[in-house]
Amino acid sequence: MKTCIVTSDFFVPGETFINRHIEHIFGGDTCVLTGRFNGTDPLGKPLFVRRAPLSPADRLRAPFAMGWNAAVEGTGRLPFGDNRRRLADWLRAEKVEVILAEFGTQALVVARLATELNLPVFTYFRGTDASFALRSRQIVRAYKRMMPRLDGVFSVSRFLLDNLARHGVTHPNAHVVPSGVDIRRFTPGEKRPGSFLAVGRMVEKKAPEVTLRAFAKAAQGREAHLTFIGDGPLLDPCKALAAELGIAAQVTFTGALPHDAVREHLATTETFLQHSVTAANGNTEGLPTAIQEALACGCITLSTWHAGIPEAVEDGVNGLLVPEWDEAGFAARIAQLLDMSDRSAMTRAARDTAVAKFDNAVLLEKVETVIRDRLATRARA
């Protein structure tokens, strides 16, 4: 079934969940509609860049068209004029049968055109689009206007669907389908005693400073080492903080690493740390892929009661949870793990959770089934 995957940027190596859809959904019979293209296309799919330079006529139309779309549809990014005609022609030429917009904000861009072309359209909510974005009344209004145009909605966590519902944004064909992980590639290896790992952008909602200070309180002077993988605005401040706390020798900052390198670190790490919090602007996680990958690698996960994380981490079974910003509690839990003589039961439970709930092959099949069922219903109507 020819599927058009809609995304804001292509190709982004860290967006494994989107790239997996592009490469594998319905046997990989896909094309890509993207806002921006960085020039790298390892997947070799037909590509339409909607933010390509405008024609002279569209440059003249832009102020009116974008202003009208923003006022009526809630976003000024809808295609218009010559660009809209080119996109419609491209969708027809590619013989697209269904559209899957990655992130609700991307669905806003294509839902109206898809409806006019009688193309089924689905969207996938993943985090920011169902948390920070809802701070905007305009976006909430736009989502409400969009929902009747959609054939279905996916979300990586129940938390995000509930968050949308609190703002009056619902859909009768909504499904929780986590991003998932390749459990055949992400597997436990020989664990290094006292090893801790944090993976992700060094940004506010990951609270790396809290993780660092808590680790310093619990692990300083003990046989323990923390590795941070990721780049971002808080990387340099955290390096300075590690030195200030006197634990520079116990902490390694790798910066961003390729996905295979992250997998190798996870395989040999005992404990995965992610102190996720709600950012000041309301931005939250959905259900972090890094946590699903950590569980698959048998890492005991220490995290927070935040967003969809409790849907993956069961406190005291496959990991431990503390409230957001509870630095003292996070430190106590790190110490608890260091003092634990036998961590094997939690390690096994972590792997078992990933196998039972986050096998991406099973989850991809679930997405395909939902889409097929809806298209069969449309055909009978």
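Residues numbered from 1 in each chain as written. Predicted model: local features only at pLDDT ≥ 70, side-chain atom pairs only at ≥ 80, totals over all residues. Heavy atoms only, no water.

Trainee: Which parts of the structure should I look at to understand the overall build of the chain?
Mentor: Secondary structure summary: the chain contains 13 helices and 13 strands in total. The C-alpha atoms of the chain give 22 Å as radius of gyration, which agrees with the globular expectation for 381 residues (21 Å, within 12%). When the backbone C-alpha atoms are referred to their principal axes, the chain occupies close to 65 × 40 × 40 Å. Out of the 381 residues in the chain, the part that is buried amounts to 57%. A fraction of 72% describes how many contacts in the chain between residues 6 or more apart in sequence connect residues 24 or more apart. Of the roughly 15800 Å² that the chain leaves accessible, carbon and sulfur atoms contribute 54%. (Helix = DSSP H or I, 4+ residues; strand = E, 2+ residues; numbered from the N terminus. Rg over C-alpha atoms; globule rule 2.2 N^0.38 Å. Buried < 20%, exposed > 50% of the residue type's maximum accessible area, 1.4 Å probe, protein only. Contact = heavy atoms within 4.5 Å. Areas by Shrake-Rupley, 256 points an atom, 1.4 Å probe, with all protein chains shown as cover.)

Trainee: Can you help me understand empty space enclosed by the protein in this one?
Mentor: Summary: where empty space remains is shown by rolling a probe the size of a single water molecule over the atoms. Inspection of every chain in the model, using the stated rule, returns four cavities of 30 Å³ or more. Estimated volume of the largest cavity: approximately 100 Å³. Secondary-structure elements contributing two or more residues to the lining of the largest cavity are strand E8 (192-199), helix H7 (208-219) and strand E9 (225-229). In the lining of the largest cavity, the residues fall into seven nonpolar, four polar and two charged. Considering the residues around the second largest cavity, the lining is formed by Phe17, Arg20, His21, Tyr124, Arg126, Val177, Pro178, Ser179, Asn360, Leu363, Leu364 and Val367. Looking at the lining of the second largest cavity, the elements that each hand over two or more residues are helix H1 (16-24) and helix H13 (360-380). (1 Å grid on protein atoms, 1.4 Å probe; cavity = no way out; pocket = protein on both sides within 12 Å on 5 of 7 lines; lining within 4 Å. Points joined across faces, edges and corners; volume = space filled by probe spheres on them. Nonpolar A, V, L, I, M, F, W, Y, C, P; charged D, E, K, R; others polar.)

Trainee: For this particular structure, what's the right way to read the side chain of Thr211?
Mentor: In this fold, Thr211 is placed in helix H7. For Thr211, the residues in contact, after removing those within four places along its chain, are Leu226, Phe228, Leu273, His275 and Phe330.

Trainee: Explain the state of the cysteines here, please?
Mentor: Note: disulfide means a covalent bond formed between the sulfur atoms of two cysteine side chains. Per the counting criterion, the structure on display carries zero disulfides. Considering cysteine sulfurs only, Cys31 is the nearest to Cys4, which forms no disulfide, with 4.2 Å between them. Assessed through its relative accessible area of 0%, Cys4 is described here as buried. (Disulfide = S-S within 2.5 Å.)

Trainee: Just checking my understanding: could you explain the environment of Gly298 for this structure?
Mentor: Tracing the backbone shows Gly298 in the loop between helix H10 (289-296) and strand E12 (300-304). Judged by its relative accessible area of 0%, Gly298 is buried. Put simply, Gly298 and Ala350 are 52 residues apart on the chain and 5.1 Å apart in space, counted from C-alpha to C-alpha. Those residues in contact with Gly298 that lie beyond four places of it in its chain are Pro188, Lys191, Glu270, Thr347, Ala350 and Arg351.

Trainee: Please clarify how the pattern of salt bridges should be interpreted in this entry.
Mentor: Between side chains of opposite charge, a pair can form when the charged atoms approach closely. For the structure shown, the criterion picks out 25 salt bridges. Arg158 is the salt-bridge partner of Asp162, the closest N and O atoms lying 3.9 Å from each other. With Asp162 and Arg158 both in helix H6 (residues 158-166), this residue pair falls four residues apart, about one helical turn. Classification of Asp162 by relative accessible area gives partly exposed; the value is 33%. Here Glu270 makes a salt bridge to Arg343, at a shortest N to O gap of 3.2 Å. Here Glu270 is found in strand E11 (residues 269-273), whereas its partner Arg343 is found in the loop between helix H11 (327-339) and helix H12 (344-357), with 73 residues between them in sequence. The class of Glu270 is buried, set by a relative accessible area of 14%. A relative accessible area of 18% means that Arg343 is categorised as buried. (Salt bridge = Lys/Arg side-chain N within 4 Å of Asp/Glu carboxyl O.)

Trainee: Would you take a moment to explain the packing of H10 against H12 for this structure?
Mentor: Packed helices, taken two at a time, are described by the angle between their axes plus the distance between the axes. Look at H10 against H12: their axes get within 7 Å of each other, and the N-to-C directions meet at 120 degrees. Here H12 runs oblique to H10, going by the angle between their axes. On H12, the residues touching Gln292, Leu295 and Ala296 of H10 are Ala350, Arg351, Thr353 and Ala354. Tallied by class, residues from the contact of H10 with H12 come to four nonpolar, two polar and one charged. (Axes fitted to C-alpha atoms, helices over the stretch in contact; angles between N-to-C directions. Parallel < 35°, antiparallel > 145°, perpendicular 65-115°, else oblique.)

Trainee: What am I meant to see in H13 here?
Mentor: Two residues of an α-helix separated by three or four positions point the same way, owing to the 3.6 residues in each turn. Helix length check: H13 (21 residues) gives 30 Å between terminal C-alpha atoms against 30 Å at 1.5 Å per residue, within 8%. Within the sequence span of H13, burial applies to Asn360, Leu363, Leu364, Val367, Glu368, Val370, Ile371 and Leu375. Here the buried residues of H13 occupy an arc of 155 degrees about the axis, which is enough to place them on one side. The outward face of H13, more than 90 degrees from its buried face, is lined by the exposed residues Val362, Glu365 and Arg380. Buried residues along H13 sit against H1, strand E4 (98-102), strand E5 (121-125), strand E6 (152-155), strand E7 (174-176) and H12. Its side-chain oxygen placed 3.0 Å from the backbone nitrogen of Ala361, Asp359 serves as the N-cap of H13. (Expected span 1.5 Å × (residues − 1). Arc of directions from axis to C-beta. Polar contact = N/O pair within 3.5 Å; in protein donor to acceptor, adjacent residues only side chain to side chain.)

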